[in-house]
Each structure stands twice: as structure tokens, then as C-alpha cells.
Amino acid sequence: MLLRQVEYARAESVADAVRLLGENSNARPLAGGQTLVNVMKARAASPDVLVDLNGLDELKGIRTTPAGGLELGSMVTYTEMVESEDVGDFRPRLAEVTSTIADVQVRNRGTLGGNLCSNDPTNHLPPLMVAMGAEMTIAGSSGERTVPAEDFFLGVYLTAVEPDELLTKVTLPPPGGGDGFAAVTIGREGTCIVNAAAVVHDGEARLAIGCVSAVPVVVRASSEPEAAAAAVTTADFDPPTDVHASAGYRRRLAEVLARRAVQQAIGVG
Amino acid sequence: MDPVTGKTIAVNVNGDQYEREVEARQLLVHFLRDDLELTGTHIGCDTGNCGACTVIYDGTAIKSCMLLAIQADGARIDTVEGLASDGELHPLQRAFSETHALQCGYCTPGMLMSAKHLLDNNPEPTQHEVRRALQGNICRCTGYWNIVEAVLAASKGEA
Amino acid sequence: MTETVTPTEALVVEETETRPGFIGQSVPRKEDRRLVQGEGIFIDDMKRHGMGFVHFVRSPYAHARIVSVDVSKALELDGVYGTLTGDEVAIQTDPYFELTVPPGNEIKDYCLAVGKAHYMGEPVAAVVAATRDLARDAAELVEVEYEPLPVLVDPERAQDADAPVIHEDPGSNVVWSGLFSWGEIESAMAEADHVVRIQRLHFDRFSSTPLECSGGLVEFDRPTGQWHIYSNNQFPGFAAIMMAPALRTGIDKLRFISHDIGGAFGNKICTHPQLTACCLLARKLKRPVQWTEWRTEQHMTNTHGNERVFLDVEVPVKADGTMLGFRCRAIDDCGAYPRYEPLGCIIWSQVTPGMYRWRHIEIDFTQICTNKSPVGPNRGYSRMQHLWFTERVIDIVAHELDLDPVEVRKRNYIRSDEMPYETPNGCVYDSGDYSKMLDMALELIGYGVLEERRAEAAERGKLLGLGIGSTLDSGTNNFGQSQLLNPELQFSGNNEVATIKLDLLGEVVITLGTVPQGQGHETVASQVAAEILGCTPDDIHVRVGHDTYWNSHSGFSGTYASQFAVTGLGAVKGAAEKLAEEMRRLAAAVLGCPADDIELAGGMARMRDNREAALPFMALGAIINVNNAGLPEDLDVTLNARYVYRPPFQVPDKERKFGNLTLTYASQIHACLVEVDPETGAYEIVNYAAVDDCGKRIHPQIVEGQVHGATAQAIGAATHETFAYDEDGNLLTPNFYDYHVPHALDMPPLHAGYLESPSPFTAYGAKGMGEGGGAGIHAVCAALQDAMRAAGNQIVHDSCNPPWRVWEMLQDPESTRRLVSVEERR
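Model, not experiment: these values are computed from the prediction. (Residues numbered from 1 in each chain as written. Chains lettered and ligands numbered in written order. Predicted model: local features only at pLDDT ≥ 70, side-chain atom pairs only at ≥ 80, totals over all residues. Heavy atoms only, no water.)

1. Re the nonpolar core
Short version of the rule: Among buried residues, the Ala, Val, Leu, Ile, Met, Phe, Trp, Tyr and Cys ones that are joined through side-chain atoms within 4.5 Å form a nonpolar core. Three exposure classes are used, based on accessible area relative to the maximum for each residue type with a 1.4 Å probe and protein chains only: buried under 20%, partly exposed in between, and exposed over 50%. Secondary structure elements follow DSSP: runs of H or I no shorter than four residues count as helices, runs of E no shorter than two count as strands, and numbering proceeds from the N terminus. Here a residue-residue contact requires only that any non-hydrogen atoms of the pair lie within 4.5 Å.
The biggest cluster of nonpolar side chains holds 218 residues, and the ones touching the most others in it are Phe 96 of chain B together with Val 315, Tyr 340 and Ile 777 of chain C. For this core, the element with the highest residue contribution is helix H10 (residues 383–400) of chain C, accounting for 9 residues. With near-sequence residues (within four places) excluded, Tyr 340 of chain C lies in contact with Leu 99, Phe 235, Phe 238, Ile 269, Cys 270, Pro 377, Tyr 381, Phe 479 and Tyr 560 of chain C. Judged by nonpolar contacts, the second largest core, of 74 residues, contains Met 1 of chain A, Phe 31 and Ala 69 of chain B together with Trp 294 of chain C.

2. Regarding the domain arrangement of chain C
All names here are of chain C. The test is simple: Where each domain begins and ends follows an automated or database-derived domain assignment. Once two parts are put together, the accessible area they lose, assessed with a 1.4 Å probe and summed over both, is termed the buried area. Between Lys or Arg on one side and Asp or Glu on the other, a salt bridge is scored when a side-chain nitrogen of the former is within 4 Å of a carboxyl oxygen of the latter. In protein, a polar contact means a hydrogen-donor-capable atom and an acceptor-capable atom, both N or O and within 3.5 Å, with residues adjacent in sequence counting only if both atoms are side-chain atoms; elsewhere, any N or O pair within 3.5 Å suffices.
Domains assigned within chain C are domain 1 (43–153 + 209–301) and domain 2 (496–645). Between the C-alpha centres of domain 1 and domain 2 the distance comes to 39 Å. The partner domain 2 presents 16 residues to the 21 residues of domain 1 that form the contact. In this assembly, domain 1 packs against domain 2 so that about 1,300 Å² is buried in total across both faces, 53% of it on carbon and sulfur atoms. For the domain 1 face of the interface with domain 2, the top three residues by lost area are Gln 234, Phe 235 and Arg 255, together amounting to 34%. There are 1 salt bridge connecting domain 1 and domain 2. With its nearest N and O atoms 2.6 Å apart, the salt bridge here joins Asp 547 to Arg 255. The interface formed by domain 1 and domain 2 contains 5 residue pairs in polar contact (both at pLDDT 80 or more).

3. Re the domain arrangement of chain A
Note on interface size: it is often stated as the accessible area lost on association of the parts. All names here are of chain A. The domain boundaries assigned to chain A delineate domain 1 (7–52), domain 2 (62–172) and domain 3 (178–266). In this structure, domain 1 and domain 2 have C-alpha centres spaced 19 Å apart. Taking both partners together, domain 1 and domain 2 bury about 920 Å²; carbon and sulfur atoms supply 72% of that area. Considering only the surface of domain 1 that becomes buried against domain 2, Val 18, Ala 31 and Gln 34 emerge as the three largest contributors, covering 47% of it. At the junction of domain 1 and domain 2, the tally comes to 0 salt bridges.

4. A short note on the sheet that holds strand S20 (residues 496–502) of chain C
Residues and elements named next belong to chain C. Heads up, the condition is: DSSP-based pairing: two strands are paired if at least 2 bridges between them are found. Here, axes are lines fitted to C-alpha atoms. For helices the fit covers the stretch in contact, and angles between N-to-C directions go from 0 to 180 degrees.
Spatially, S22-S21-S20-S27 is the arrangement adopted by the 4 strands of the open sheet, whose pairing is mixed. Each edge of the sheet is formed by a strand with only one pairing partner; in this case those strands are strand S22 (540–542) and strand S27 (640–645). The average angle at which neighbouring strand axes cross in this sheet is 20 degrees, direction not considered. Direction of pairing for strand S21 (residues 508–512) relative to S22: parallel, over a ladder of 3 bridges. Note that in S22 the partner of Val 509 across the bridge is His 541. With respect to the sheet, helix H15 (residues 521–533) is in contact with S20, S21 and S22, its orientation differing from that of S22 by roughly 145 degrees. Packed onto the sheet, helix H16 (residues 564–591) meets S20, S21 and S27 and runs at close to 145 degrees relative to S27.

5. Some thoughts on the packing of aromatic side chains
Residues and elements named next belong to chain C. In plain terms, the rule: Any two of the Phe, Tyr and Trp rings considered here, Trp counted by its six-membered ring, make a pair once their centres fall within 6.5 Å; the pair's planes then place it as stacked at under 30 degrees, edge-to-face at over 60, or tilted in between. Only Lys NZ and Arg CZ are tested; either one counts as a charge over a ring when it is within 6 Å of the ring centre and within 35 degrees of the ring normal.
Applying the stated criterion to the full structure yields 31 aromatic pairs over all chains. Through a chain of ring-to-ring contacts, the aromatic side chains of Phe 235, Phe 238, Tyr 340, Tyr 381, Phe 479, Phe 556 and Tyr 560 assemble into a single cluster. Here Arg 287 stacks its cationic end above the ring of Tyr 81, 3.5 Å away from the centre of that ring. Lying over the aromatic face of Tyr 764, Lys 573 brings its terminal NZ or CZ to 6.0 Å of the ring centre.

6. Some words on the sheet that holds strand S7 (residues 143–148) of chain C
Residues and elements named next belong to chain C. Pairing is antiparallel in the open sheet, where 3 strands are placed in the order S5-S3-S7. In this open sheet, the two edge strands, each paired with only one partner strand, are strand S5 (116–117) and S7. Bridge count between strand S3 (residues 64–70) and S5: 2 bridges; the pairing is antiparallel. From the neighbouring strand, Ala 64 faces S5, where its bridge partner is Ala 117.

7. Some thoughts on the pairing of strand S28 (residues 662–676) of chain C
Residue and element names in this part refer to chain C. Along S28, 15 of the 15 residues are buried, which leaves the element largely enclosed by surrounding structure. Here strand S19 (residues 463–477) pairs with S28 via 14 bridges, running antiparallel. Bridge assignment links Leu 472 to a residue of S28, and that residue is Ser 667. Pairing analysis gives 10 bridges linking S28 to strand S29 (residues 683–693), with the strands arranged antiparallel. When the sheet's bridge partners are listed, Leu 673 is paired in S29 with Asn 687. The hairpin formed by S28 and S29 contains 6 residues between the paired strands, and Gly 681 there has a positive phi angle of roughly 80 degrees.

8. Structural notes on the interface of chain A and chain B
The partner chain B presents 35 residues to the 38 residues of chain A that form the contact. Of the roughly 2,900 Å² buried between chain A and chain B on both sides combined, carbon and sulfur atoms contribute 53%. Of all residues in chain A, Met 1, Tyr 8 and Gln 105 of chain A bury the most surface against chain B, accounting for 25% of the area lost on that side. Taking the shortest distance from any N to any O, the salt bridge between Arg 132 of chain B and Glu 189 of chain A comes out at 2.8 Å. There are 14 residue pairs in polar contact (both at pLDDT 80 or more) connecting chain A and chain B. Elements that contribute at least two residues to the side of chain A that touches chain B include exactly strand S1 (7–10), helix H1 (14–23), helix H2 (36–41), strand S3 (49–52) and helix H6 (104–109) of chain A. Take the side of chain A that touches chain B: its biggest share by element is 6 residues, from H6 of chain A.

9. Points about the pairing of strand S25 (residues 604–607) of chain C
All names here are of chain C. Taken together, the 4 bridges between strand S24 (residues 598–601) and S25 define a ladder with antiparallel strand orientation. Residue pairing for S25: Glu 599 is matched across the bridge by Arg 606. Linking two consecutive strands that pair antiparallel, namely S24 and S25, is a turn of 2 residues; a positive phi of about 60 degrees is found at Gly 602 within it. Direction of pairing for S25 relative to strand S26 (residues 610–616): antiparallel, over a ladder of 4 bridges. Bridge pairing in S26 places Arg 606 opposite Ala 614. From the end of S25 to the start of S26, which pair antiparallel, there are 2 residues.

10. Here we look at unusual backbone geometry
Cis geometry is found at the peptide bond from Glu 341 of chain C to Pro 342 of chain C, where omega equals 15 degrees. Looking at where Pro 342 of chain C falls in the secondary structure, it is placed in the loop between strand S15 (325–333) and helix H9 (344–347). Here the residue pair Met 419 of chain C and Pro 420 of chain C is connected by a cis peptide bond, since its omega of -5 degrees sits within 30 degrees of zero. The topology assignment puts Pro 420 of chain C in the loop between helix H11 (405–412) and strand S17 (421–422). You will see that Glu 189 of chain A, though not glycine, has its phi angle at about 55 degrees, which is positive. With respect to the helices and strands, the residue Glu 189 of chain A is situated in the loop between strand S11 (178–185) and strand S12 (192–201).

And the structure:
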């Protein structure tokens, strides 16, 4: 509950943030704080420097792209995503799923960027981004680069964002067919035990299963729900066993939820 | 700005202006409780789950255990102590009492702030909307049923 | 979302006098005004000049020898005031008194680990510093060397020859064991048409996790040796009995003060170790010492509800469904230290037969230690575990013999015309109409359309199930039951105290011996006193909280065990009546008439036949306090009355383990409808009914609040809440992230109903209530079992059934089926 000593700096620009992150090897960006502050309370990790991103307007905002997709600043909050007209018009499933994350207070502070960069295996948004084929834009001292979602998540709490870089925005392609998401949670709208995101396009389904591996597990199948379940059955992943679920139970949930996510995406769920 | 271990911050809490020096590591909830002696905001957990520390921060309900005091420099914060005015209880406070929506009273300040935030933004919520608005506030005494009734009653001007 | 249905026909067992006034009214709560404004004073709100903040250094091992504790680096940190280690504690204090018999009573229990850590999180050292943060920082600098030892977490292994021994001094993990036997189980077996056998039923470890954690602020007054212990401990009587001998001091030297408490539910009874450490530190460091427990600490160390396994259950049953009795072995896991235990080994016997009429009962009961958190008397304490067992038995027997679960209950329930009913072990159920309550619950849940709903759910691919949970809330303990465990113990009966005075300016002031944590004692006490004194509750000031300096307490004072309505209000009634009698005598002396001619009404003491001749309370107060010349010499009036309520108990028969152990028996019957998703094991409670009978309800809204709260806690315990350990003794659910308690979206629609069967043994016919007896756990288990009839006929045998467990049962029905067998005798 009580943090270790830490230094704090409020970044004035993305460049300033990148500089601050680069100057101290144990500096961490502070976004919504809904994960990082808890980690610091438990003293499970204690950065030496916190670089507060909350003043960076350039990381806020949700816009449509000329290609008909959606661009979200990494510092948009869950609430902003839920209430955004653009998200509601273009990718309503994203708003719907985001509205089930934790609770109002967390949604008022927690950010898209924080959710993705913390890459807790039980998070909702990494599998959804992977299924949607999102592109992540990362800014560092040598400029910007984009990484597709499928390559963005590298391990538990680990992403392609280096310690001296920042995720600045997430770009979603235009919706092709339908989006679906299914989860079994600890209590209503609680932490996910297993989740599955599905995006259907032209008879093909692109699935990402969460909570069963260090990173979302990508599965491709036809958009026939049973085929999706079958594809998950043969997919290569080794789910963990913990107090909420055994490996076997997670495997079985993955199959069922994949099917339900595809059903939802094609409009029958 | 270069990194600092502490800073003097200026905050407006319930309409009163304060200036205090804080360590960077200090949580907003501890600043409110220990430095400003506004002990109405409570602490019930250490993982940001229980919501007993809920305050309204620049107009939005947040859990003050997951914000650093140093981040709140320049902010407007509303706590339970600011709900009543001139000795008159806020309709939510009256409704909570009339509906027996509090027993031990420990979750109550957080509940009231979450409820206020809801009614400020959605004056006529449905029962489901009330429950969703209170999803981040744990109560162990009441089972929530009376709390939901109280918020609905307050929204209908029945308190 | 809630409905209150009170049956319209008369349901009073006995005629009670019509009372004008406040009893039975839901008057506004006095506590609310300060609590809704955030002006309650909870322990962490308190500050003292110069106080130091304590942080406990805790063992990361479930079982380990402590090789060395080095606090030197912590002491070097600027702002650290001092430390305390187990070595100092072993010198300055004696081990806590153990309630159990030899050899268990050889257990050495101190406020810090001495020599060995016995559970993960056990405090090993304490650091005090100028701020919370510094204390936490300094705690990290304390270096402790451990030698890990083998860990015991499985209660069924605790008596194995090769099991790790938790406490070396007794040399065994058995805290207490004994055989309870009433009636003639062998002849019942011989008479049976069927014998149903259940291999194993397991009641999971969980707790009510009050939102406010424990805490204390201790000051030591050096010249007098007086400790002032501000805390949220809910049973200071017990804490004092534990701490005074340990600190080698007198009872009165430990002053306990509490103010507002953020829920307790039995979890704030065994905080004497932490408070003892604070006492030692306050004395050593010559400054007040402040302790606030963190959530993770509460989950890991303070406290869990009892975990109990029932093995080799045998139930003789007649062809018509009459159940004759049961026999089983029970193993109760009390964690690393007994403390309040082994009282749990007898307290269940307050409700030996549950709500049922079976007479032949045998339980071979053993309590053991493991390397887990010590237990505390969590809400429903020991009766809940046993009542869950009896409900599982009824439900499983009905299931196996294809009997209607409603009919089977009604056939076997104790009948209202048998009340007061003496159970096989001599407890007396005061009143109740269980069949009627069951009918009410079924009506509320929509029993008539059950099969329609089941079919409709099936169309959506869901399994619908209905479960009934019947339970008792026995209240007002006879502590003589402790002698059935240990004949050497000198505890019996019960008591509670209240003091009332009429002050100089006419104000009526009550001080209670109880320690409320949200139950509205200030309000309810004022209702009772107002009726007796002829004024309104607003005229009565009830002091907030508890303070042993008020001398308004006794050995059993506190708030626990569902007894306030009887003991606390019994004390208030007695004190108010004493005061009323004195007021009448004083008024009579002043007005020159017999005392019997005086009545108290409208805030006045007046002549019944001449209301003009009246004295307001203020006049009476002034006369006694400052204006007493001329009063008759023999007028013995102080207007300051202290009353000790004592329930009518005898010491039970130790040979037969027989006698009345509780004064009142409130009852609850719940019905629950669940919808199970057979593909995932996830389920939803889609409808819920709770019917309560606690005799005369003094404040109906408060009663309803307690029913709601107990229901919500039971739902949490039934669906998710479990303190699960891995084989190394690590607690896997140490905080609210992993230990899921119900949130607002988890709650089902609730329909509540009430019956009032007055108790013949209490002044107002009220019964203590509040613990609730876990009815929701029994109902949810039964509902899940009913839902799975169509899917494999599984037997529910654990009290907590999260989705993963339901899924496992669905996958492998045989794993549950093989636990049950039916032997046909005829």
C-alpha cells in the first residue's frame, strides 16, 4: 500500500517523455496508473522515475482515418472509448468490450496504451487488437515505427515498446465483416479467466485467444463457428493452471468462447 | 520538467484551496486523509478493487488510491465532506439514511461519490445503470440492494 | 429489486401486550448523520501527537525455523523509532492462555513468532517509525534468516504419522478431539429401510472480509502502568482475558476503546496478538503506537472461517423419507493457532439436528492445526458449517432416494407445535414455524412455474435448478459449553451491561457494553429506553462505541454471536427500568404521593390522575445532582443505573454433553434459482428468496439489512470466495483481486419475507439475529445439484462452487457419484 521512494516528472511533449525515459534505465511511463500504481503499492516493481504522460494532448483523441479506419491516441481513457461516437459507429464491439473492463472509476483513468503495454494476460484489449489487426505506432529517440498487433505482444508484461519508447497511437483498419468477443470472468464483468476475440471478413475468421498464454494466441479458421472451435482445439498453446482455472478447463473454455465469438461476429450469437 | 522527489502542490478540495508539500510517492488518498485530515475518504484494500477511496477528480469519479498526490497539482477534488452544504444533507445522503443503505458506513463515502458522479451525468438512471455505476464499490454489510434503491430514490427526488 | 412480503394472517404464537411507542418501528438511525458525512471515527482516522506507525515484518514461509532476526539496518534509518522481535516478546510476555485440554494446551502462542514461523504472514518482527512509509521502508531492511520446514496444508493428513508437526510442545497437530453421541445410532441403523452413505463433504475456508481492516492505536501511561487501547476489536472481553495474563498485568490496566467500526463479522475478535505487540512497543518506545492492517495482511493472517471436512457420513432413512439420524467423522482445520478455538468444536452442537427431528446422532470430531492462517469466529461460526452439512445431507438423501426435496424437508422439520423443542443434546429451540417459512420462500421464488422456467432455460441451452437452504441463527451463547470441551475451564453463562443516567439538564444518556460495527445499537437501544421512560428516541443519547473506563461492561461484553437483541437490549431494558423506578420514586417524594401513582410519559414524571402535577426530566436531574436538600433521608435514588443482563443458563452436563447452550433460535429459509451454462460451468443466480424469523423485530429495517448482508456474504462464499493454498502454504487469494467478493452486478433479484414467532425466553420476544447461518450457501449448493440432474446427476459436496468446479463436475459426474451410495435394508 505504501510505495518506495520515486522521482516524478510530468512530460511536456512526446519527445520530452522519450528523453526522460532514456535518461534513466529504471524510468517508467505513468499513464492511467490503474495497473502501475498497484504494482508499486505491492512493491512488486519500483521504478526510480515516473514519467507522467497525462499532460500530453498529442496522445489523446480518437479520429477516423482517410482509409475508413479508426485512430486512437494511446492516452485515451476507457471511458472516452466507450463514449466516442466514432468508436460507436466504426467498431461498436470495441466500445462494448471496453465498457466491461473493471468499473467506472478504473475506466475514467485507465488508458488504451496502459492496457496494451502492461500486457497482463487477462486483459481484454490485447486479444481484441490482435483480432482486429491493429497497428501500433511507437515513438523513440530515433523516430517512429509501426508494429502490427500480432508482433506487438512479446511476453507477460512485455511488448515491443522498448524502455525508452512510447506507444503513441493505435490504428484500426476499417471493419470488414463483424467483430465478436466472448469471455468467462471472475464475477460479472470481472477479471477474465479466458477470453476470445474474433473478427470475420470474407468467410474467414481471425481469432485471438487471451489468458491462455503469455501473449494472445492467434488462430485462423473459416467463419463457421464450429470450425473456429476445432481450430482452437488443435492450436499450440499451454494454458496455465491457477486458483481460478485448470489448464484443461482453460483449453475447453478457449474452444467454447472461440465459437461464441465467431457466432457474435457473424451475427448469430 | 526534471524528475523531482517531491513538490509543493496546490489543490482545491470541496471549494477550499490548499498548498502542501508532498513526496512523489504519496498516494492521493493518503494526502487527503493524513495531510488535509479529510478522513471521510476511506481505504479498504491495497489493489485498487474496493472503491472506498472514490473521490471526484476534475469532474470524474476515480479511486484516489491509484493517483499520486503530486499528479493532482492544480486539480479540483470533491470528497464526501463537501456533499452537505450549510448543514443540509445532500439528497443522496438523505436517501441512503432513509433506505438503510448503510450499516457500518465504511463504504458509504465512496458509494456516495460514485452515486453523485452517476446522477450528475445521468439524472434518470435505470436500476441496471445504477448497479454498473457502483460496480467499483465493494460493500460487505448491505448486499447493495438498499444502496441501489437509495440512488434510484434520490434520482427521482424521493429523498 | 427487493420486495418485502409480510403474511397478512396472524402469526403470533403467543399474545403479547400491545405496546405504544417505538418497539417495532423503523426509526431513523442515529448513526447515519455522521456516517453519511464521512464523520465517523474509524481507527485509522485517529491521530496522536508523536505517534509512531507500526509495520510488521512477516514470514514468507508457511513453516520455517527462525534462525536469526537482525534489525540493525532498520534502526539506522532516519525516522525509525524502534523495533520488537520474538526474543523480546518471549521475555516480556507469557504465552496466551489456551482453551484446550492437554496436550494441545502446550501450544506456545505469542504476539510475534518465537523460534518458528507457523504460517505464511506470521509476524516475526515489528518496526515503528515516524510515518507509515518509513515504517514500511524500514521493515524491508530487517533481515531474517529462515530454515524452511515441510509444510502441512491438508487437514486430512494432519494426523498421519509422517505429517509435519506444527507445534513441537504438544507434539501433535490435534487441538481437540471427542465423540458426540446422543440417541442410539446403531438401533437407528437397524431400523432403517435405507442407509445413505456420503464419503466426503467439505466446507471451504473463507471469511466475511470486512471492508475496514483491523487496527489499533495504543498509548501507555507510565506512572500508572495503564494501557489505552483504541481499536476496532469487537470483543474486548476476550481480548482482555488473553492479553492481561500475557502482559502480566491486571484486566483494568487494559482499557479498550472503540468508536466506529467498518464491519467485523467475527474477524475482529482475535486481534489480541497485534494489539499486544502495540502495547509492548508503546511501553518500550514511550510514545503512542499506531497500527493499520492492510488488506493483504487481513487475508493472509486475520482471520479465516473454520474449514471443516465431514467423512464417512451414514444416514438411516425410513421408506417414507423420515430421517432417523446420522453418523460421521468431522475434521476441523483451525490453521496455525487455535486462539478462540477449540470453542468451534462445541458451538456447532447448538444446532446439532439443524431444523430436523432426527434423534440419533454421532459425530467423531477432531480439530487440527495446519500451516495456514489461524481461524476466527467468522459470521455463522461453526453452526454454519454444521448446518451446511445437515442441509447437504437432507438434499443428497432426497436426491438419491428420489424424494421431493420440499416434501422431505417438511416431513422432517421440527414442527411449530413442538416448540419449545428439546434437541437430542438438550438445547431448546424456542419458537419457529419452518414449514410455513418454506412455503413463503417457495411462493416468493415462483415455485409454481418452476418446470416452465426449466423448460424455457433448456431451450436456451441452460440448466435451471432450484435449491432450498434452511438454517438457524442460534444466539446468546451459554459459555458453559466450553466446559464440555475442557472441564477445567471456568467460563459459563453470559452477560451484557448497560448504564443509564439522567443528567443534570435532563438528558438521558446510555452507555452500552456492546461494540457495534454497523448494527445500529445506538438507535435500537434508544427505542427500548424511550418506551420505558416515556420519551422519544431523540431524547436519548447513546454514547458512541465502547470504553472500558465507562465501567459499563463485563467479561463477555462485545458484539458477536447474534445476541444484541437479547443481551444488549436486555441490559438496556433492565437499566432503563431501574432508572424509571427511581424517577418515579423521586417524583413521588417531591409531589407527595405514592410512587405507584406516578407515570412517565411525554418526557415528564407526572401523577397519573392529575397530569398537571408533573416534573420534567430536567427537574429530576437537577434535584439529584445539585439541589437535593430536603429530600427524605431514606430515599435511595441516584438516577444512575447500571444493569447486568444475565440469561438463565445452567452449566451443561459434561458427561452426556447435554444442556441448553443457546437462548434463542432465529431461523432463515432461502430459495434460489440458478441457471448453469453447461459448456463453461459458469452460472447465474436468476432469482432469490429469503424468509427470516427472528421473533419480534425491534427495528424491522435493521433486521432486513442484516438479512440482506448475510445473504450477500453467503452468495459470495457459495460462488467464489475461498482461501485456497498451494502445497507450499502460499495463500493464492490474498487480496480482492483474486478473492472475488460480490459486487453490485453480481446480486440477484431478492424477494424477502418475514415471520415473527416470538421467543418465550426474552423480554420482547425478540431473538438475536445477524449471522444468518449461511442459508445462501446451502441454497446455492442445492440449486446447482438440482440443475445438474439433467446432466449427470452430480452430487455437490463442496461449499464453494466457482465455475471451474461446476465444470469439473459436469465433465466427470462419476467423480461425485462415487462419493455416495445407498444400501437397501429392506
